[in-house]
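These are the residues of each chain, in order.
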There are 2 protein chains.
Amino acid sequence: MVKDFSHLLSEEAKARKPSPLKSAFKYYGKDDIVFLGGGLPLADYFPWEKIVAYSPEPPFEDGIGAQPSITGKTTISEVHKHKVEEFDIPLARSLQYGHTQGNPELVDFLKEHTKTIHNVPYEEWDLCLTVGNTQSWEACLRSFCNPGESIFVEEYTFSSAIETARSLGINFVPVKMDAFGIIPSSFAEVLENWDKSKPLPKLLYTICTGQNPTGSSLNVERRKAIYDLACKYDFIIVEDEPYYFLQMTEYKEGAPEEVIPTPTHEEFLNGLVKSFISMDVEGRALRLDSFSKVLAPGTRVGWIIGQSALLERFVRLHEVSIQAPSGFSQSIVQALLGRWGQSGYIDWLIALRKEYSIKRDFTIKCLEKNMPREVVEWTPPIAGMFFTVVLDAAKHPEFATKYNKDPYQVENAVYEKGLEDGCLMIPGSWFEAPNREKTDSTTFFFRGTYAAVPLETLGVGLERFAKAVRSEFGL
Amino acid sequence: MVKDFSHLLSEEAKARKPSPLKSAFKYYGKDDIVFLGGGLPLADYFPWEKIVAYSPEPPFEDGIGAQPSITGKTTISEVHKHKVEEFDIPLARSLQYGHTQGNPELVDFLKEHTKTIHNVPYEEWDLCLTVGNTQSWEACLRSFCNPGESIFVEEYTFSSAIETARSLGINFVPVKMDAFGIIPSSFAEVLENWDKSKPLPKLLYTICTGQNPTGSSLNVERRKAIYDLACKYDFIIVEDEPYYFLQMTEYKEGAPEEVIPTPTHEEFLNGLVKSFISMDVEGRALRLDSFSKVLAPGTRVGWIIGQSALLERFVRLHEVSIQAPSGFSQSIVQALLGRWGQSGYIDWLIALRKEYSIKRDFTIKCLEKNMPREVVEWTPPIAGMFFTVVLDAAKHPEFATKYNKDPYQVENAVYEKGLEDGCLMIPGSWFEAPNREKTDSTTFFFRGTYAAVPLETLGVGLERFAKAVRSEFGL
């Protein structure tokens, strides 16, 4: 069922060999062999005997921001040098070399979680830890693309992801989007009309849920259509999904403010959009997941899900680069997840979704209240940290005169005015993918986030930005 | 004083640009600006309120392996979400995005430490955290070498470091060594006779203290001679120094077993061999340091020291790859170092050196007792985790007959016999650098470590290996 994609691997990935010492390491830990083969320091000399972490306790009725020391509901995670709880990663192991793929306890927890969420439709899938999605993405690029080759990207995308690829000498073929993400028919057209004298890009990079910067999310029909294109034209889909669990309740304009209901686990799970990996019958999707947006960025723990044969290439790469994520991170995160259990982790994700729904709702209500609708439009996001406001430069009284009919100039004027009035949002043009086709559209947008500030500050900021727009447009 | 080495940078390093969002981030944290620019989750939602770690307490009179819970001498490190101790990295910051170079508290501690140990002879040096020396080394390769270019390496070297370079398409020019590391006169000869039609390698990779695999250490005269060659022929020196603090007292053959004295801080510091960075008047050395061998490998915290202009390129690389080491690692390591202080950390290093001296001495005494001196030689290492035993295949009774005068075949026979008898040491030929010139020498060696096992097991292993040698050589 799963196909062989070794023809899509980069020269670098093809060249990777397991360490020559590997053949000796099969004797490591055997009773009848004294192993003097590896430069591993004795765990007795690691200066940490025990680590205790204090965290909130499921089911988080007081909200995920509630401090355990105040609520008295505390999950206490004790990790010792040697194993105490079955699910813990003892420090003697996590702080030692080894386990490039990740310590088995954490890998197993995440595999179990993956089964619940994505139900990957083939047997031979695997999971490999990384130090976060930026590194996961770099690993994908290095595993598939040779310098000079191209990749498909969303026409507006995370600029750091572009920079990762650009400095590796990779080129870009942008794919058109609307407020709901990549437009499959437009993508199909690009593929149909591809100049056969040029090699087709080997992969598509997509942030398909709560996209950065547009805040858009691909629905399941679009995902299916894009997946079919990948099969037809033989490319890999890299779904970069840090915001996947920040899917929210739908926004109802004008609905009275009310308490957001807490769904059951079943309702929550059924409400999640289907991922590419969940429809990946050929094994051509690579899913980049991460704790950065659901626990904390500084865990520096992400993971890649995909077919085993491809993941093996990532493990070989990690052996000669990052080795593995921090042992402290692995032990502490797994100690918490082990104590919460799969069910407690789902409780956390539900509580997190609630916080983001509150902030998204508040944001949209602020826009409704303050923004001049005659020049500004928005689509309430259903996932992620970002919202966008779309402005029409043609409605600016000095568009033809002062700004020479150039929407970029108006965009910049609004940015500057926003700064003057005390609110910073990022101009959408900063996220334009290289080689993006210019159109004669007069609209431009700004990316804002409701993630980084508390509600009150958010309200102040949005009021200021609306004032800047009004004053710039002479309203 | 410091020279500009931008002409030695790789195309990839030259192409790296700061993130376009950087220009916005200068407004982050300003009082009069509501910053809706970055997708940072609120620290309130990080599910860790406090982390407490239990470690041994300086000056470690009971040895570094002593458990704090038994000795009652405990350093308790409490890290909170928000700042309590001046030297601590609060979790709200370490678990957030940002600080690619490393959190300032830890960077400052390490800079202070670097001043004490290396006294870098120019002002414009800097320090950047990494996720360990393998990644630091990869970052060096990607910053200086284009695919197809060459580097100088020790003729026997860490095979994983070779593999890192090989899969990047880099070639190797091995430099001759003896029991004391690189032979400067031989290196000078290679440089003098370099075929001018080929570009000179841009860097030398050397594990100069307690070398892996040979256990050799370069003395200061050799370092100076090599440094002069680097200046004359314009290449970068990458000193990979994970074992630097595993420098030991000299081994005295036949001296009675006695308690190894504990040096004063001054004696200890004066006894350390001078590093390349300490003599680097031109700013052409990059020093790779790490906690892996002195605290624990799983911290996944290393650091690069070098001139600021070069380090800036590494920060740009990290922004689009690893981002930064784990925040847990940074907070926990710095909490410990902050409490121990610079002086307590030196106490730790002194105590560590003592443990390794004991193990080294024990190892050499085992060799003296068990090995057949007529076919085996060794040089007691003065640093690191590794020792080597050198054997002469010509002394094997069946060298010319059964083994066809091929030392590699005898090496393999001894390896197999060792396994049969229950001790694994690694054949030296496994560490041969690619392109190493074959000689008509009939000797070969095995690398062993005294790091990974307790003394008793080490004794059993060495006895078994000696037995294997004797039986293979018919002694």
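Remember, it's a predicted structure, so these values are computed and weren't measured experimentally. (Residues numbered from 1 in each chain as written. Chains lettered and ligands numbered in written order. Predicted model: local features only at pLDDT ≥ 70, side-chain atom pairs only at ≥ 80, totals over all residues. Heavy atoms only, no water.)

Turning our eyes to something else, we now look at the domain arrangement of chain A. Residues and elements named next belong to chain A. Domain parsing of chain A yields domain 1 (21-352) and domain 2 (354-472). Just the C-alpha atoms count here: the centres of domain 1 and domain 2 sit 30 Å apart. Of the residues lining the interface, 39 residues belong to domain 1; the matching set on domain 2 comes to 32 residues. Buried surface at the junction of domain 1 and domain 2, both sides included, amounts to about 3,100 Å², of which 60% is carbon and sulfur. Taken as a group, Tyr156, Met248 and Tyr251 account for 25% of the area that domain 1 buries against domain 2, more than any other trio of residues on that side. For the pair domain 1 and domain 2, the number of links is two salt bridges. Salt-bridge contacts for Glu437 lead to Lys176; the nearest nitrogen and oxygen are separated by 3.8 Å. Linking domain 1 to domain 2 there are 19 residue pairs in polar contact (both at pLDDT 80 or more). (Domains from an automatic or database assignment. Contact = heavy atoms within 4.5 Å. Buried area = accessible area lost by both parts, 1.4 Å probe. Salt bridge = Lys/Arg side-chain N within 4 Å of Asp/Glu carboxyl O. Polar contact = N/O pair within 3.5 Å; in protein donor to acceptor, adjacent residues only side chain to side chain.)

Residue and element names in this part refer to chain A. Counting through the fold element by element, Pro104 comes out in helix α5 (residues 104-118). The spacing of Pro104 and Ile207 is 103 residues in sequence and 28 Å in space, taken between C-alpha atoms. Those residues within four positions of Pro104 in sequence are excluded, and the remaining contacts are Arg93 and His99. (Helix = DSSP H or I, 4+ residues; strand = E, 2+ residues; numbered from the N terminus.)

Let's shift gears to the pattern of salt bridges. Across all of its chains, the model carries 64 salt bridges over all chains by this definition. Note that Glu282 of chain A and Lys3 of chain A form a salt bridge whose closest N and O atoms lie 3.2 Å from each other. Placement of Glu282 of chain A in the loop between α10 (265-271) and β11 (285-290) and of Lys3 of chain A in the segment before α1 (11-15) is noted, with a sequence separation of 279 residues between them. Look at Glu282 of chain A and you get buried, because its relative accessible area is 13%. Salt bridges sharing partners connect three or more residues here, namely Glu12, Arg16, Glu138 and Arg142 of chain A together with Glu12, Arg16, Glu138 and Arg142 of chain B. (Buried < 20%, exposed > 50% of the residue type's maximum accessible area, 1.4 Å probe, protein only.)

Before going further, it helps to examine the sheet that holds strand β2 (residues 50-56) of chain B. Read from one edge to the other, the open sheet built from four strands follows the order β3(A)-β2(A)-β2(B)-β3(B), with strand pairing classed as antiparallel. Where the open sheet ends on each side, the last strands, each with one partner, are β3 (74-80) of chain A together with β3 (74-80) of chain B. Each adjacent strand pair in this sheet contributes to an overall mean axis angle of 15°, direction not counted. Pairing analysis gives seven bridges linking β2 of chain B to β3 of chain B, with the strands arranged antiparallel. Bridge pairing in β3 of chain B links Lys50 of chain B to His80 of chain B. Relative to the sheet, helix α12 (residues 327-370) of chain A contacts β2 (50-56) and β3 of chain A together with β2 of chain B, its axis offset from that of β3 of chain A by approximately 145°. Across the sheet, helix α12 (residues 327-370) of chain B touches β2 of chain A together with β2 and β3 of chain B, and the angle it forms with β3 of chain B is around 145°. (Pairing = 2+ DSSP bridges. Axes fitted to C-alpha atoms, helices over the stretch in contact; angles between N-to-C directions.)

Two copies of a chain can be linked by a rotation about an axis combined with a shift along that same axis. Once turned by 180° and shifted 0.0 Å along the axis, chain B lies on chain A with an RMSD of 0.0 Å. Here the two chains are linked by the operation of a two-fold rotation axis. When C-alpha positions in chain B are compared against the rotation axis, the closest is assigned to Val52 of chain B, at 2.5 Å. Take the interface residues of chain B: 100% of them recur as interface residues in chain A, which is what a same-surface contact looks like. (Least-squares fit on C-alpha atoms with pLDDT ≥ 70 in both.)

All right, on to the sheet that holds strand β4 (residues 125-130) of chain B then. All names here are of chain B. One open sheet accounts for seven strands, arranged β4-β12-β11-β10-β9-β5-β6; its pairing is mixed. Of all the strands in the sheet, just β4 and β6 (171-175) have a single pairing partner and so form its edges. Within the sheet, the average angular offset between the axes of one strand and its neighbour, ignoring direction, is 20°. Where strand β5 (residues 150-154) and β6 come together, five bridges link them in parallel fashion. Paired with Ile151 across the bridge in β6 is Phe172. Contacts from helix α5 (residues 104-118) reach β4, β11 (285-290) and β12 (302-307), with the element oriented near 125° to β4. Relative to β11, helix α6 (residues 133-144) is tilted by about 160°, and along the sheet it contacts β4, β5, β9 (203-206), β10 (236-240), β11 and β12.

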